[in-house]
Amino acid sequence: GMQSHLQALLSLYKLFCPELVTITLPGKMKTYFKNSEGPWKAAITAVRQRNQGTSPLSQAVFLGTSQPRSRKRKWNAQLVIPASSANTNHLEEDREKSWFYLSSPNESFPVEQLQTFPQLLQNIHCLEFPSQMGSVLTNPLLLHYMNCVKDESIYLRLYYWMGQRLQEECTWCVVDNSSEEEFKSFLETVYKAECFLQEGFSACEEFLYKTLPLWDGVCCRSEILRLVSWIPLSSFSDVKPYLLDPLAQLFFTSSIYFKCSVLESLKELLQNWLNCNVIQMDLEISS
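Residues numbered from 1 in each chain as written. Predicted model: local features only at pLDDT ≥ 70, side-chain atom pairs only at ≥ 80, totals over all residues. Heavy atoms only, no water.

K.L.:
I would appreciate a short explanation of the environment of Leu120 in the present structure.
P.N.:
Mapping Leu120 onto the fold places it in helix α4 (residues 117-122). Residue class for Leu120 comes out buried when judged on its relative accessible area of 3%. Put simply, Leu120 and Phe109 are 11 residues apart on the chain and 9.4 Å apart in space, counted from C-alpha to C-alpha. When near neighbours in sequence (up to four residues on either side) are disregarded, Leu120 contacts Leu114, Leu127, Leu141, His144 and Tyr145. (Helix = DSSP H or I, 4+ residues; strand = E, 2+ residues; numbered from the N terminus. Buried < 20%, exposed > 50% of the residue type's maximum accessible area, 1.4 Å probe, protein only. Contact = heavy atoms within 4.5 Å.)

K.L.:
How do you make sense of the pattern of salt bridges when you look at a structure like this?
P.N.:
A side chain of one charge can pair with a side chain of the opposite charge when the charged atoms of the two come close. The final tally for this structure, using the stated rule, is seven salt bridges. We note a salt bridge from Arg165 to Glu168, for which the minimum N-O separation is 3.7 Å. Here the residue Arg165 and the residue Glu168 both occupy positions in helix α6 (residues 152-169), the gap between them amounting to three residues, near one helical turn. The pair formed by Arg165 and Glu168 is uniform in burial state, with each residue classed as buried. Between Glu180 and Lys184 there is a salt bridge, and its shortest N-O distance comes to 3.9 Å. Remark: Lys184 and Glu180 occur in helix α7 (residues 180-197); sequence separation between them is four residues, near one turn of the helix. Look at Glu180 and you get partly exposed, because its relative accessible area is 33%. For Lys184, a relative accessible area of 24% translates into the label partly exposed. One salt-bridge network, held together by shared partners, links Arg165, Glu168 and Glu169. (Salt bridge = Lys/Arg side-chain N within 4 Å of Asp/Glu carboxyl O.)

K.L.:
What should I look at first to understand the environment of Asp216 in this one?
P.N.:
Note that Asp216 resides in the loop between α8 (202-211) and α9 (221-228). Note: C-alpha distance between Asp216 and Pro246 (30 residues apart in sequence) is 10.0 Å. Here the side chain of Asp216 touches Val218 through a polar contact of 3.0 Å, landing on its backbone nitrogen. In terms of polar contacts, Asp216 uses its side chain to reach the backbone amide nitrogen of Cys219, at 3.1 Å. (Polar contact = N/O pair within 3.5 Å; in protein donor to acceptor, adjacent residues only side chain to side chain.)

This is the structure we're talking about:
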């Protein structure tokens with residue numbers, strides 16, 4: 001019979017091959033299939049309007065997912081990584097104390113006062129991560145602490161914050177984006193933090209897998225290829241459709257310089273994977 005899901009399937013056939021469907025279908029029915037061409041049409045429209053110098057679209061597109069809510073950013077807002085700040089309410093009182101004191105077990109050392117590596121060593125037992133996890137990206141001491149304290153909640157906080165920032169500021173997925181230079185600077189900061197930690201961020205990996213199919217190979221080229229080199233080790237079946245296939249399409253249609261840049265990035269990716277594998281083997285042998 002004419003069930004709703006069968007009607008939706010027939011309407012899809014009739015859209016692409018109308019000669020194959022001769023029956024009359026109702027004009028209004030529930031949508032069962034998303035239009036896969038939506039993100040591409042929106043991206044093409046955005047490029048056309050940008051080249052023509054017209055006002056950008058107000059509609060944001062991120063790989064056909066639900067439309068993100070408006071960021072409601074002020075006209076002079078910038079993509080700024082937050083400064084380190086503690087969760088305590090006694091910062092002024094703590095600032096009056098000595099820079100090199102040892103706190104009692106019930107007290108926490110405010111991150112605002114963390115200036116040197118000896119301070120980190122002396123107060124590592126009572127240090128708290130900042131209220132805004134994004135601030136650790138520009139603080140080597142907090143990155144050291146993050147390496148020492150293997151707490152899953154810490155990585156989850158950073159994952160949610162970084163994933164949201166990357167999605168909102170991506171210059172080729174969100175039409176009403178901010179300055180490209182700001183986004184480049186942010187990607188460079190993320191890359192430096194990955195180099196410091198010697199491992200890639202899961203939010204960054206997810207961002208690359210989602211956005212590489214829409215990437216033109218020009219915008220933020222060096223920053224994107226650097227981030228590619230820190231994608232965590234995984235099986236070839238997982239990497240090929242999300243990483244290698246989008247890069248291959250750009251590789252065969254781009255300049256020699258781009259081809260060399262991709263090969264250099266993949267070489268660094270292989271080196272990072274080998275180093276990670278060697279470390280893992282050493283840990284297994286020692287255990």
